[in-house]
Amino acid sequence: MTESIIPIHEIVQERYGALAESGNCCATGDSCAADGSCCQPVQLYGDDILQALPASVTNLSLGCGDPVTIAALQPGEWVLDLGSGGGIDCFLAAQRVGETGYVIGIDMTPAMLNKATENRVKMGVTNVEFRRGQIEQMPVVSDSIDVIMSNCVINLSPDKSAVFAEAFRVLKPGGRISLSDIVTEGEFSAELRADAAKWASCVTGAIPVDQYTGLMRAAGFTDIQVIDKADAKNIVEHQAGMPRIYSARITARKP
Ligand SMILES: C[S@@+](CC[C@H](N)C(=O)[O-])C[C@H]1O[C@@H](n2cnc3c(N)ncnc32)[C@H](O)[C@@H]1O
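Structure report, in brief. Please read all numbers here as calculations on a predicted model, not as lab measurements.

Time to look at the overall build of the chain. When helices and strands are tallied, the chain shows ten helices and seven strands. Every one of the 255 residues in the chain was classed for burial, and the buried ones make up 48%. Considering only contacts in the chain between residues 6 or more positions apart, those separated by 24 or more positions represent 74%.

Given below as structure tokens:
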């Protein structure tokens, strides 16, 4: 499952650095979704949720679902967002956990961290922190987090086993994980997996959902559930020679 980490990380960082600098999820010259880009024209969150956030946050929403709502966050919880981007899910989580809770966003792309931090300062939010790091090696203390969430990021990782092992390490016993991510039914050819641009657009780094949940199980997670897999919105158009690619909501628990 480990692929050449350095080139993939570099290419992913280049793409999301450019998006962060543009401040707009549709500014890479890609069509919004037809190429499988992470940038979606579909609305991922309810109007009431979006109205509470400034445009500098909502314009840089690059996810493929809403992991915050399924996380059912409680006041006082400590939350970790893997690949926090411009910070949209961190800010939503911060409202739910309140002043007694805390939210940490990890991202490896400096321009994204700068945008997220600017947004945090502009909004005057005090219970969110953004840290630079890779999700394969998280800068987070073991057994310290109540809830991990992530939105359209783990598919981009060249070492998904390491991500799940790290997620398991940092969660408190009984902690939960709430993911929105791109998965497939069937495999990409080796040739497509080697297409770095498609990988960075959240397409060919995606793996079959059974393999995905298998890696979670191998890391120690239990109660793994794939929510509305069958009728999940097909946010990536089907392309000839590719398996079905779709957004799934996946939840699990550390025993
Ligand atoms: C598709 S965007 C999603 C951003 C955010 N979750 C959202 O919903 O708007 C992917 C983000 O994950 C970050 N990322 C991708 N791979 C990463 C890795 N291995 N370690 C840390 N961050 C990563 C990118 O820099 C980018 O900000």
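Following the structure, the description resumes.
Another point: the site of the ligand. As a matter of local geometry, the ligand sits amid 27 residues, with Gly-63, Gly-83, Gly-85, Thr-109 and Asn-151 nearest to it. Within the residue set of the shell around the ligand, elements represented by two or more residues are α1 (5-22), α5 (88-97) and β2 (102-107). With three residues, the top contributor of residues to the shell around the ligand is α1. Class assignment of the residues belonging to the shell around the ligand gives a composition of 13 nonpolar, eleven polar and three charged.

Relative to strand β3 (residues 128-132), β2 is paired through five bridges, and the arrangement is parallel. Among the inter-strand pairings, Ile-104 is bridged to a residue of β3, identified as Glu-129.

Let us look at unusual backbone geometry. Non-glycine residue Ala-72 carries a positive phi angle of around 45 degrees. Turning to its location among the elements, Ala-72 is positioned in the loop between α4 (67-71) and β1 (78-82). Even without a glycine there, the phi angle at Cys-152 is positive, about 70 degrees. Mapped onto the elements, Cys-152 comes out in the loop between β4 (145-151) and α7 (160-170).

Once that is clear, we can look at the environment of Pro-173. Positionally, Pro-173 belongs in strand β5 (residues 171-185). Pro-173 sits in the exposed class, given 8 other C-beta atoms within 10 Å. As a C-alpha pair, Pro-173 and Lys-254 span 81 residues in sequence and 5.6 Å in three-dimensional space.

Taken in spatial order, the seven strands line up as β3-β2-β1-β4-β5-β7-β6 in an open sheet, and their pairing is mixed. Bordering the open sheet on either side are β3 and β6 (222-227), each of which pairs with just one other strand. Each adjacent strand pair in this sheet contributes to an overall mean axis angle of 20 degrees, direction not counted. Of the pairings in the sheet, the one linking β4 to β5 comprises six bridges and is parallel in character.

Side-chain direction in a regular strand flips from residue to residue, so the side chains alternate between the two faces of the sheet. With eleven of its 15 residues buried, β5 lies for the most part within the structure. For the handedness criterion, the β-α-β arrangement of β4, α7 and β5 is classed as right-handed.

Looking now at helix α6 (residues 110-123). With 14 residues, α6 extends 20 Å between its outermost C-alpha atoms, agreeing within 8% with the 20 Å of an ideal straight helix rising 1.5 Å per residue. For α6, the full list of buried residues reads Met-112, Leu-113, Lys-115, Ala-116, Asn-119 and Arg-120. The buried residues of α6 occupy an angular sector of 160 degrees when projected down its axis, which confines them to one face. Opposite its buried face, α6 presents the exposed residues Pro-110, Val-121 and Lys-122, each directed more than 90 degrees away. Backbone geometry just after α6 places Gly-124 at a positive phi near 65 degrees.

Another aspect to go through is helix α10 (residues 209-219). For α10, every residue scored as buried is listed here: Tyr-212, Met-216 and Ala-219. Mapping the buried residues of α10 onto a view down its axis gives an arc of 65 degrees, with all of them on the same face. Looking at the buried residues of α10, the elements they touch are α7, β5, β6 and β7 (244-253). Two residues or fewer after α10 comes Gly-220, characterised by a positive phi angle close to 120 degrees.

By size, the foremost hydrophobic cluster in this structure holds 70 residues, and its most contacted members are Val-79, Leu-80, Ala-93, Val-103, Ile-145, Ile-148 and Ala-167. Apart from residues no more than four positions distant in its own chain, Ile-145 is found in contact with Trp-78, Leu-80, Val-140, Val-170, Leu-171, Lys-172 and Gly-175.

Take the packing of α7 against α10 next. Where α7 contacts α10, the axes come no closer than 9 Å and their chain directions differ by 45 degrees. Taken together, α7 and α10 sit at an angle that is classed as oblique. The handedness of the crossing between α7 and α10 comes out as right-handed. Contacts between α7 and α10 involve Lys-160, Ser-161, Phe-164, Ala-165 and Phe-168 on the former and, on the latter, Leu-215, Met-216, Ala-218 and Ala-219. Its residues assigned to classes, the contact of α7 with α10 shows seven nonpolar, one polar and one charged.

Rules used throughout
Along each chain, the written sequence defines residue order, and numbers are assigned to residues from 1. Local features are withheld for residues below a pLDDT of 70 in this predicted model, meaning they are given only at 70 or higher, and side-chain atom pairs are given and counted only at 80 or more; totals for whole chains, interfaces and linings count all residues. The numbering of helices and of strands both runs from the N terminus, where a helix is a DSSP run of H or I of at least 4 residues and a strand a run of E of at least 2. The burial criterion counts other C-beta atoms lying within 10 Å of a residue's C-beta, which is placed from the backbone; the residue is buried at 20 or more, exposed at 12 or fewer, and partly exposed between these limits. By definition, residue pairs are in contact when their C-beta atoms, positioned from the backbone, come within 7 Å. Put plainly, near means the residue's C-beta atom, positioned from the backbone, lies within 6 Å of the molecule or strand in question. Ten residue types, Ala, Val, Leu, Ile, Met, Phe, Trp, Tyr, Cys and Pro, are classed as nonpolar, four, Asp, Glu, Lys and Arg, as charged, and the remainder, Gly among them, as polar. Here, any two strands with at least 2 DSSP bridges between them count as paired. Orientation is described by lines fitted to C-alpha atoms, with helices fitted over the stretch in contact, and by angles between N-to-C directions that extend from 0 to 180 degrees. Whether a crossover is right-handed depends on one test, that the path from the first strand over the helix to the second runs clockwise when the strands point away from the viewer. Expected span of a helix: the number of residues minus one, times 1.5 Å. In this context, the arc is that of the directions from the helix axis out to the C-beta atoms. Nonpolar cores are identified as sets of buried Ala, Val, Leu, Ile, Met, Phe, Trp, Tyr and Cys residues joined via C-beta atoms within 7 Å. An angle below 35 degrees is read as roughly parallel, one above 145 as roughly antiparallel, one from 65 to 115 as roughly perpendicular, and any other as oblique. Helix crossings fall into two classes, left-handed where the near helix is turned counterclockwise from the far one by less than a right angle and right-handed where it is turned clockwise.

Note that all results are geometric; they support no functional claim without further evidence.
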